[in-house]
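# A look at the structure
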Amino acid sequence: MRLAAFSVRNFQFTLVMFFLMTALGWHTWQNIPRGEDPTFPIPVVTVVAVYPGADPADMEKLVADPLEDAINRIDDVKKILSISEDGLAVVSAEFDWSKDAEKKYDEALREINAMRPQLPSGLHSLEIIKASPGLVNILQMALVGPNGSPRAMRDLAEDLQDRLEQVAGVRDVDIWGLAEPEIQISLNLARLAQYQVPASRVAQILQGENANIPGGAIEAGARRFNIRTTGSYKSLDEIRDTVIASSGQRVLRLKDVAEVRWDYAEESHRTRYQGRQAIFITVNQKDNQNIFKVRDGLMQEVERFRAGLSPDYRLEVGFDQSTNVDHRLGRLATDFVIAIGLVLFTLLPLGLRAAGVVMVSIPLSMAMGMAMLYFSGFSLNQLSIAGFVLALGLLVDDSIVVTENIARFLRMGYSRTQAAILATKQIYLAVLGCTATLLFAFLPLFFLPEGAGKFIRSLPAAVTFTVLASLLVSFTIIPFLASRWLSSNEHPEGNRLLQAVMRGIHTVYRPLLKWALTHPRKTLGLAGAGFLATLLLVPGLGVSLFPNADVPQVLISVETPDGSALEETDRAVRHVERILLDSPEVKTVFANSGRGNPRIFYNVFPKETRSNIGDLFVTLHEYDSVKTPAFYQRLRREFADYPAARIIVKPFENGPPIDAPIAIRILGPEIDSLRDLAGQVEDLIKQQAGTRDVVNPVRLQRTDLDLGLDTTKASLYGISTQEVDRTVRLAIAGESIGKFREADGDEFDIRLRLPLQDGHARLDSLAQIHLATASGAALPLSQIASPQLSSAPNKIPRYQRQRAVTVTAYTVDGYNTEKVTAAVVEKLETMAWPAGYHYKIGGQVEARQESFGGIETAALVAIFGILAVLILEFGSFKSTAIVAGVIPLGIMGGLVALFLAGQSISFTAMIGFIALIGIEIKNSILLVDFTNQLRQQGRPLLEAIQEAGEIRFLPILLTSLTAIGGLLPLAVQASPLYSPLAWVIIGGLISSTFLARLVTPVMYLLMAPPVAEARDDT
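Per an unreviewed UniProt entry, the chain is named Multidrug transporter AcrB, and its organism is Amnimonas aquatica.

See the structure below:
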């Protein structure tokens, strides 16, 4: 081979390239972005609309439906979901994953802005959110201080926010749980009615007086002057002195009918840290940043800020994502050392010098692979780390085969230079074919669709780049080093360890091979029976999607009945908080009432503001694969005793976001019928063994207070229903009439409403509402209204623009989600479904269909790509079939390994099976190619098969053992994400290494391909 000869003969150039690779790897290690999860564009847009006081039916009709219409006009819409609740509508749209996510976000922004005038004018806010894993917070801190000082806390938090936003690499710094100051105009509606001034008229006047309208410019001689108009309010006294009515000599000012003062907005989000009132500060970083560098910059600012804090305050860092990344990188370093030790041990039969030559390929290939990963735009994250650990066991394969062949040529009497060149020339085509098949096993994983494909893409990238680098190293650096380091005076049969291994091969393998070749059909029959028997394990293993993330954090959600006051929700949150703080496993607790915790995991999105929800974000001292799940089970039992709330312990899971592992989506036109069907489905799921935490979101209707307006009586008094509705809304929900800007540029709401009681509107607030009649009298609302309690839907969810209710459940530990879901579906088929109503399966089943649908395509591409490489190499369908015959033997071992390890066939296990195809075929290529070479040299068929089997057994054994050694640390660490992949490959290599050494020669004997004359490789 010319490349090997060039490297050996031009050693100075080879040395320069050696140092270049080393320097490039070091540079990459210093600069490659680091993060816990991969970053990739997500074509999902979420619109959050807040319209205080509107019920779910109004939110659906006035907000959600028009937003869905606007989004549906965009091309490539895959899925639209919405939920309309009390004063809140959330519409989420998912687009085709093959399209440009940024472009789809811009199109959605344009369509929604175009239809904005069609939405209610009283809409409080309309937020359009772009989904991105990069928006996950890397730090969550708590500013803890004395009670009763919200303004001081706000000033400190905003000061810290300004400091942290200046740190290089920081995208956003957000503050949560902050009491929002506002100017409150508390109306006396009775007095206002006496003056015959409608409340709506007051709002219009205040909005007009606070408008800042430029007056234009005039010229006077050589000068030009801007005209300053009255502008917006500058002080509270200006607001108080606003004239709202006049009659002759009498002027009615706002201060005559209202109190104007600084106060705080109605409380909607309570936050505590370790049981104490606190404000949360979160930080997320820009894409493609090194999390450690960003964290170090942030912590420097944090320490400076702490130095200036008074003793009454303290700033605590309760969550630091970089510790998870550091743990994974530390585990990579440990696995790297262990793997190198195991690989070195397996190479001892070649001798210390040969082992040293092979070991050089590990750091060089890793350095080059990481450099290619970096320049391709990938980061160092949990998936790429797993890829490098997986590659540890594969990257030495080519170097082992080349080095072993060179050592064999040296034992045959060739000089070191001749051996390095001739041995590489003899083996290079087989090595090239081996690597090509391995690459074809991983390359299709680059093109898996949907979010799952993008999520795992850095794993096959790390493996592919590293294996490509190892191929280059084996053809350049390895022959050069072998020509310099290997001894030409070794014993013809190698060192003692090699002699012992070869004796074992001759003693054990030779008679087994002879028996198999004597009984070929019986051998194939036994192998086929074994394969079919292992297929019986598949139903017992079950299928799953992505496993739980092995991180020392957990989220606990709390939900009280719809319509619950914030105090009631907070009482349930405090109950959970007390139990957690008394648990020795718990390190920190962030408690949220009225809102979800800020985003701290890539596939978990915080719940929007609602008085009946809460979240507790908990960090543990450590994650243990046995103790931590047991701790979660103990918490579930303790929380089950609390009667007034649904409390769910939610460990973080890898993979695409889903409602819950089990989700049944019921679709139909009427919400009442959907609620009845959802109740039946809920009962079915509860009766199914293996389910827990069953949630029917519409089981209980919310109880509303219907004003019971007597429209006839109201019209007799000259009061329109519109005036009643506007006055009640203004009094209870309040209305923002503009912004008040302070000298430093800070802006605050000016809100017009009835006075709040303890920060909230209370029932007796209705008694304060008066309306002006046609005669000028002040009429109490109670004269024309008879309030009464009434039932109403608590929420109206929609799926693909249809009303839909999703009943969800979690599986009990030890149960397979796929099997439990299948049992639930069997029961659903027995239900009587009314016309126009049907169900769809969501949860893990839906996610699996989307994710595994792509993996089937990847498997087909891998198989046929490998077959194409084999046909190119051997030029014979028979040789290709002989090599491919090893595939069932590897699958057999992979299934057995999953069964013994107690794992299911997960997404990563499926990736393991695809990778296994390429890995095990490598070994068969070496055997078949060498057999063909021996036959070309004139050896009889049977003799060629036996000689090739014995000579190639050693390199095949060593490459398999090194791969197993490299993967073993990954398997035994019990990572729910990595371990299934590692066990599949280990089990498949064990079975294919030993069984295929018998089956492949037998297939060669039965299907002996024709061989051409000796090939000219020059």
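## Description of the overall build of the chain
The secondary structure content of the chain amounts to 32 helices and 30 strands. Taken along the three principal axes of its C-alpha coordinates, the chain extends 125 × 80 × 55 Å. Buried residues in the chain amount to 55% of all 1018 residues. A sequence separation of at least 24 residues applies to 80% of the contacts in the chain between residues at least 6 apart. Surface exposure of the chain reaches about 42300 Å², of which carbon and sulfur atoms provide 55%. Measuring between centres, the 96 positive side-chain charges of the chain sit 6 Å from its 106 negative side-chain charges.

## Examining a nonpolar patch on the surface
A grouping of Ile338, Leu342, Leu968 and Val972 is seen on the molecular surface, where their side chains present a nonpolar patch of about 300 Å² in accessible area. Elements supplying a minimum of two residues to the nonpolar patch: α10 (321–346) and α31 (941–972). Relative to the helices and strands, Leu342 is located in helix α10. By relative accessible area, Leu342 is classed as partly exposed at 30%.

## Description of the sheet that holds strand β23 (residues 735–741)
The mixed open sheet is built from four strands, whose spatial order is β12-β7-β24-β23. The strands lining the two open edges of the sheet, one partner per strand, are β12 (258–264) and β23. Neighbouring strand axes in the sheet, compared pairwise and without regard to direction, differ in orientation by 25° on average. Pairing geometry for β23 and strand β24 (residues 747–753), over six bridges, is antiparallel. In the strand pairing of β24, Lys739 is matched with Asp749. Each of β7 (181–187), β23 and β24 is contacted by helix α25 (residues 721–732), which is oriented at about 130° to β24, the strand it contacts most.

## Observations concerning the side chain of Ser991
Note that Ser991 resides in helix α32 (residues 979–1006). Residue Ser991 is classed as buried on the basis of its relative accessible area of 10%. Ignoring any residue separated from it by four or fewer positions in sequence, one finds Ser991 in contact with Leu889, Gly890, Gly893 and Ala996.

## Overview of unusual backbone geometry
Look at Asp76: it is not a glycine, yet its phi comes out positive at around 70°. Phi is positive for Asp693, which is not a glycine, with a value near 50°. As for its placement among the helices and strands, Asp693 is situated in strand β21 (residues 691–695). For Asp693, a relative accessible area of 23% gives the class partly exposed.

## Some details on the domain arrangement of the chain
For the chain, the domain assignment lists domain 1 (34–131), domain 2 (198–256 + 704–792), domain 3 (351–494) and domain 4 (503–536 + 854–1017). One C-alpha centre belongs to domain 1, the other to domain 2, and the line joining them spans 31 Å. Summing both partners gives a buried area of about 300 Å² for domain 1 against domain 2, and 38% of it is carried by carbon and sulfur. Looking only at domain 1, the three residues that lose the most surface to domain 2 are Tyr51, Pro52 and His124, adding up to 70% of its buried area. Where domain 1 packs against domain 2, one counts zero salt bridges. At the boundary of domain 1 and domain 2, one finds zero residue pairs in polar contact (both at pLDDT 80 or more). When grouped by side-chain class, the residues that make up the side of domain 1 that touches domain 2 number three nonpolar, three polar and no charged.

## Some points on the packing of aromatic side chains
Going through the model one piece at a time under the given rule, you end up with 17 aromatic pairs. Where Phe409 meets Tyr414, the ring centres are 5.1 Å apart and the plane angle is 35°; that geometry is what we call tilted. Taking relative accessible area as the criterion, Phe409 reaches 7% and is therefore assigned buried. Between Phe631 and Tyr632 the ring centres are 6.2 Å apart and the planes differ by 45°, which places this aromatic pair in the tilted class. Neither Phe631 nor Tyr632 differs from the other in exposure class; each is buried. What links up through ring pairs into an aromatic cluster is the set Tyr273, Phe280, Phe319, Phe455, Phe590, Phe601, Tyr602, Phe617 and Phe652. Its end group placed over the ring of Phe930, Arg952 keeps NZ or CZ at 4.2 Å from the ring centre.

## Details of helix α18 (residues 496–518)
With 23 residues, α18 extends 32 Å from end C-alpha to end C-alpha; this agrees with the ideal 33 Å at 1.5 Å per step. Largest kink in α18: about 35°, centred on Tyr509, with the proline Pro511 one to four residues after it. For α18, the full list of buried residues reads Leu498, Met502, Ile505, Tyr509, Leu513, Ala516 and Leu517. Looking at the buried positions of α18, the neighbouring elements they touch are α13 (397–411), α19 (520–535), α31 and α32.

## What about helix α12 (residues 382–392)?
Buried residues dominate α12, accounting for 11 of its 11 residues. Buried within α12 we find Gln382, Leu383, Ser384, Ile385, Ala386, Gly387, Phe388, Val389, Leu390, Ala391 and Leu392. A distance of 2.9 Å separates the backbone nitrogen of Leu383 from a side-chain oxygen at the start of α12, and that oxygen is part of Asn381.

## Topic: the packing of helix α1 (residues 2–9) against helix α14 (residues 416–442)
Relative orientation and spacing of two packed helices are given, respectively, by the angle between their axes and the distance between those axes. Orientation of α1 relative to α14, taken along the N-to-C sense of each, is 160°, at an axis distance of 8 Å. On the basis of the axis angle, α1 is roughly antiparallel to α14. The crossing of α1 and α14 is right-handed. Between α1 and α14, the contacting residues are Ala4, Ala5, Val8 and Arg9 on the first element and Thr417, Ala420, Ile421 and Thr424 on the second. Each residue belonging to the contact of α1 with α14 can be placed in one class, and the counts come to five nonpolar, two polar and one charged.

## Digging into the pattern of salt bridges
Side chains that differ in sign of charge can pair as their charged atoms come close. This model, assessed by the stated rule, comprises 50 salt bridges. Between Arg306 and Glu303 there is a salt bridge, and its shortest N-O distance comes to 2.9 Å. Of this pair, Arg306 and Glu303 both sit in helix α9 (residues 291–307), three residues apart, roughly one helical turn. The class of Glu303 is partly exposed, set by a relative accessible area of 43%. For Asp615, the salt bridge identified is with Lys607, shortest N-O distance 3.0 Å. Taken together, the salt bridges that share partners define one network made up of Glu267, Arg270, Arg272, Glu567, Asp570, Arg574 and Glu577.

## A closer look at a negative patch on the surface
A cluster of acidic residues, Asp162, Glu165, Asp172 and Asp174, forms a negative patch at the surface. Checked against the element boundaries, Asp172 lands in strand β6 (residues 170–176).

## Things to note about the packing of helix α16 (residues 458–475) against helix α17 (residues 477–485)
With their axes 3 Å apart at the nearest point, α16 and α17 run at an angle of 35° to one another. Residues Val473, Ser474 and Phe475 of α16 touch α17, and the partners they reach there are Ile477, Ile478 and Pro479. For the contact of α16 with α17, the class distribution of residues is five nonpolar, one polar and no charged.

## Let's talk about the confidence of the model for the chain
When the pLDDT values of the chain are averaged, the result is 85; 96% of them are 70 or greater. Within the chain, strand β9 (residues 223–226) has the poorest average pLDDT of any element, 71, and strand β17 (residues 586–593) the best, 96. Scored below 50 in pLDDT, residues 1014–1018 shows 10 contacts in the model against residues more than four places distant or in partner chains.

## So, the environment of Met368
With respect to the helices and strands, Met368 occurs in helix α11 (residues 352–375). Given a relative accessible area of 14%, Met368 falls into the buried group. In this structure, the C-alpha to C-alpha distance between Met368 and Leu468, residues 100 residues apart in sequence, is 9.0 Å. Contacts of Met368, omitting those with residues within four sequence positions, involve Met21, Ala469, Leu472 and Val473.

## Side note on the environment of Ser200
The topology assignment puts Ser200 in helix α7 (residues 199–209). Given the relative accessible area of 10%, Ser200 is considered buried. As a C-alpha pair, Ser200 and Ile921 span 721 residues in sequence and 79 Å in three-dimensional space. Apart from the residues within four sequence positions on either side, Ser200 is in contact with Glu723 and Arg726.

## Things to note about the environment of Val467
The residue Val467 is located in helix α16 in this model. Val467 gets classed as buried once you look at its relative accessible area, which sits at 2%. What Val467 contacts, discounting residues up to four positions off in sequence, is Leu394, Thr435, Leu438 and Leu439.

The rules behind the values
Residues numbered from 1 in each chain as written. Predicted model: local features only at pLDDT ≥ 70, side-chain atom pairs only at ≥ 80, totals over all residues. Heavy atoms only, no water. Helix = DSSP H or I, 4+ residues; strand = E, 2+ residues; numbered from the N terminus. Buried < 20%, exposed > 50% of the residue type's maximum accessible area, 1.4 Å probe, protein only. Contact = heavy atoms within 4.5 Å. Areas by Shrake-Rupley, 256 points an atom, 1.4 Å probe, with all protein chains shown as cover. Lys, Arg positive; Asp, Glu negative; His and termini not counted. Charge placed at Lys NZ, Arg CZ, Asp CG, Glu CD. Patch = residues over 30% accessible without salt bridge, like charges linked within 9 Å, V, L, I, M, F, W, Y side chains within 5 Å. Salt bridge = Lys/Arg side-chain N within 4 Å of Asp/Glu carboxyl O. Pairing = 2+ DSSP bridges. Axes fitted to C-alpha atoms, helices over the stretch in contact; angles between N-to-C directions. Domains from an automatic or database assignment. Buried area = accessible area lost by both parts, 1.4 Å probe. Polar contact = N/O pair within 3.5 Å; in protein donor to acceptor, adjacent residues only side chain to side chain. Nonpolar A, V, L, I, M, F, W, Y, C, P; charged D, E, K, R; others polar. Phe/Tyr/Trp six-rings, centres within 6.5 Å; stacked < 30°, edge-to-face > 60°. Lys NZ or Arg CZ within 6 Å of the ring centre and 35° of its normal. Expected span 1.5 Å × (residues − 1). Bend = angle between axes of the 7 residues up to and from the residue. Parallel < 35°, antiparallel > 145°, perpendicular 65-115°, else oblique. Left-handed = near helix turned anticlockwise from the far one by under 90°. pLDDT = per-residue confidence, 0-100.

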